[in-house]
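Remarks on the overall topology
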Amino acid sequence: MQLSPRLGRYALHVAVVAACYYAGARLGLLQALVNDQVTPLWPPTGVAVLALLMGGLGMWPGIALGAFAVNFTLAEVGTTFLITAGNTLGPVVAYLLLKRVCFRQEMDRTRDALALVLLGGFVGMAVSATVGSGTLLVTGVIDGALFWSTWMVWWTGDALGVLVFVPIVLAFRSVRLRAHPLRRWVEAVALAVSTAVVMAVASTSDLRLMYLVFPFLIWAALRFQHLGTAPCALIATTLAARGAARSTGPFADLDLVVRMVTLQAFNGTAVLTALLLSAVIAERNAAREAIERTVTQLADVVAQYQPLVLGNLLPPEPPEKR
């Protein structure tokens, strides 16, 4: 039986989503902190939310297939089904909330930045964290004493997956290729390298210097808007999550819950600051361009009607004498 072209494309998209989800999960599990399956950085949630934003609600089977394939290797069948349901439900709730507030993928408004962080990251991912941690508790994988620490790691990892990967993919998806001066490229490379060096030092130093990354996020927003802040936020939050997973630098000598609260506070503040500032700059630039277009149109109108106006204002020429 031959599939219709439309159904074939849909099946291909679902398979791609499932494959990307699985690959992201394997990457995230390298930093697992609880039961070898709960991690402070879970890239698949970013994959899932992106798939829903770009392909619509019909992409949920791809999320479910990818989540089931991952969890099947980590837990029993019954536990796998429940955790898979939570992994699918969290991104779906995040997508529906973003759709409810008319989220725009260009993220050129301050409300879009707030919606992605608060609704897509924090609220939506609380659903998957609650279902997943509750499943581990009910099935006896963890005891009651570990529930909240597991929930915090789960929630932090899922939220960070959204905050890290959704902005950067949307930024590069909407970019328009055009020629830029060499100094512009040099500045962009210097910005990325500087952000990485500062965060590498701050996430391993006992001096608690992670706040030093904020000038670089401001630099990125002012000079490159969303296309600059998304990669810098990715670098900052990823290195911060690495430090939290290894309990180094400002995360040293902290218990698991405090580490996750500290990490989530830093990630939320850094990403929200970067996205809000870049959105404000984008709104200002759009307003300036609109004003310039209006001025140009008015100038054209004035230039078109100026001869007629001047002709009506000039006194009539006196009659010629015979």
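Counting restarts for each chain: residues are numbered from 1 in the order of the written sequence. Local features in this predicted model are restricted to residues of pLDDT 70 or higher, and side-chain atom pairs are both shown and tallied only at a pLDDT of 80 or more, whereas totals for entire chains, interfaces and linings draw on every residue. The side-chain quantities take in all heavy atoms of the structure and omit both hydrogens and water.

- If you check an unreviewed UniProt entry, the protein appears there as Integral membrane sensor domain MASE1 from Saccharothrix carnea.
- UniProt positions are given in the numbering used here, feature names are shortened, and annotations may be inferred rather than shown by experiment. As stated in UniProt under Subcellular location (unreviewed entry), the record for the protein gives "Cell membrane".

**Things to note about the overall build of the protein**
- Runs of H or I in DSSP of at least four residues are treated as helices and runs of E of at least two as strands, each being numbered from the N terminus. Counting its secondary structure elements, the protein contains ten helices and zero strands.
- Secondary structure elements of the protein occur, N-terminal to C-terminal, as α-α-α-α-α-α-α-α-α-α.
- Note on contacts: a residue pair qualifies if any of its non-hydrogen atoms lie within 4.5 Å across the two residues. Counting only contacts in the protein whose residues sit at least 6 apart along the sequence, the fraction spanning at least 24 positions is 74%.
- Summed over its atoms, the accessible surface of the protein is roughly 17,200 Å², and 67% of this surface lies on carbon and sulfur atoms. Throughout, the Shrake-Rupley method with a 1.4 Å probe supplies accessible areas, and for residues the shown protein chains are the sole cover considered.

**Observations concerning the packing of helix α3 (residues 60-72) against helix α4 (residues 77-100)**
- Interhelical geometry of α3 versus α4 gives an angle of 145 degrees and a closest axis separation of 8 Å. Remark: the crossing between α3 and α4 carries right-handed chirality. Facing W60, I63, A64, A67, F68, N71 and F72 of α3, the residues of α4 in contact are V77, T80, F81, I83, T84, N87, T88 and V92.
- In this count, Pro and Cys sit with the nonpolar residues alongside Ala, Val, Leu, Ile, Met, Phe, Trp and Tyr, while Asp, Glu, Lys and Arg are called charged and the others, Gly among them, polar. Among the residues forming the contact of α3 with α4, the class breakdown is ten nonpolar, five polar and no charged. The convention used is that axes are lines fitted to C-alpha atoms, helices contributing only their stretch in contact, and that angles between N-to-C directions extend from 0 to 180 degrees. Handedness of a crossing follows from how the near helix is turned relative to the far one, being left-handed for an anticlockwise turn of less than a right angle and right-handed for a clockwise one.

**Details of the environment of L98**
- Assignment of secondary structure puts L98 in helix α4.
- Of the residues examined, L98 reaches a relative accessible area of 0% and is grouped as buried.
- Sequence-wise, L98 and A115 are 17 residues apart; in three dimensions their C-alpha atoms are separated by 6.4 Å.
- Residues within four places of L98 in sequence aside, it is in contact with V49, L53, F103, A115, L116, L119 and G120. Throughout this description, buried means an accessible area under 20% of the type-specific maximum (1.4 Å probe, protein chains only), exposed means over 50%, and partly exposed covers the range between.

**Considerations on the UniProt feature "transmembrane region" (unreviewed entry) in the protein**
- In this structure's numbering, the residues bearing the UniProt feature "transmembrane region" (unreviewed entry) are residues 12-34, 46-69, 81-101, 113-132, 152-172 and 184-202.
- Secondary structure over residues 81-101 splits into 95% helix and 0% strand, and the C-alpha atoms at its two ends are 31 Å apart.
- Helix makes up 100% of residues 152-172 and strand 0%, and the two end C-alpha atoms of the span are 31 Å apart.

**Re unusual backbone geometry**
- In the Ramachandran plot, C102 falls in the positive-phi region, its phi being about 60 degrees despite a non-glycine side chain.
- For C102, the location among the structural elements is in the loop between α4 and α5 (110-138).
- If you check the backbone angles, D253 has positive phi at about 60 degrees while not being a glycine.
- Structurally, the position occupied by D253 is in the loop between α9 (226-246) and α10 (256-313).

**Section: helix α6 (residues 147-173)**
- For α6, built from 27 residues, the straight-helix expectation of 39 Å at 1.5 Å per residue is met to within 8% by its first-to-last C-alpha distance of 38 Å.
- Judged by how many residues are buried, α6 sits mostly within the fold: 22 of 27 residues are covered. Here, expected helix span is obtained from the residue count minus one, scaled by 1.5 Å.

**Description of the pattern of salt bridges**
- Just to be clear on terms, a salt bridge is a Lys or Arg side-chain nitrogen sitting within 4 Å of an Asp or Glu carboxyl oxygen. Within the structure shown, the criterion is met by two salt bridges.
- Of the charged contacts in the structure, one is a salt bridge between R109 and D112, with a shortest N-O distance of 2.8 Å.
- A residue is classified by how much of its surface remains accessible, and R109, at 17% relative accessible area, is buried.

**Some remarks on the confidence of the model for the protein**
- Across the protein, the average pLDDT comes to 84, with 89% of residues at 70 or higher.
- pLDDT expresses, on a scale from 0 to 100, how confident the predictor is about each individual residue. Within the protein, α10 has the poorest average pLDDT of any element, 79, and helix α2 (residues 44-55) the best, 93.

**Side note on the side chain of S133**
- Structurally, S133 is set in helix α5.
- Setting aside chain neighbours within four positions, we find S133 in contact with I142, F147, T150, W151 and W154.

**Considering the packing of aromatic side chains**
- We call Phe, Tyr and Trp rings a pair once their centres come within 6.5 Å, taking the six-membered ring for Trp, and we label the pair stacked below 30 degrees between planes, edge-to-face above 60, and tilted otherwise. Per the stated rule, a full pass over the model turns up eight aromatic pairs.
- Ring centres of F214 and F266 lie 6.3 Å apart, and the angle between their planes is 80 degrees; on these two criteria the pair is classed as edge-to-face. Taken together, the positions of F214 in helix α8 (residues 214-224) and F266 in helix α10 put the pair 52 residues apart, joining distant regions of the chain.
- For F214, a relative accessible area of 19% corresponds to the buried category.
- For the pair F216 and W219, a centre-to-centre distance of 6.2 Å together with 40 degrees between the ring planes defines the contact as tilted. In this pair, F216 and W219 are both assigned in helix α8, three residues apart and thus about one turn of the helix distant.
- Residue W219 is classed as partly exposed on the basis of its relative accessible area, which comes to 27%.

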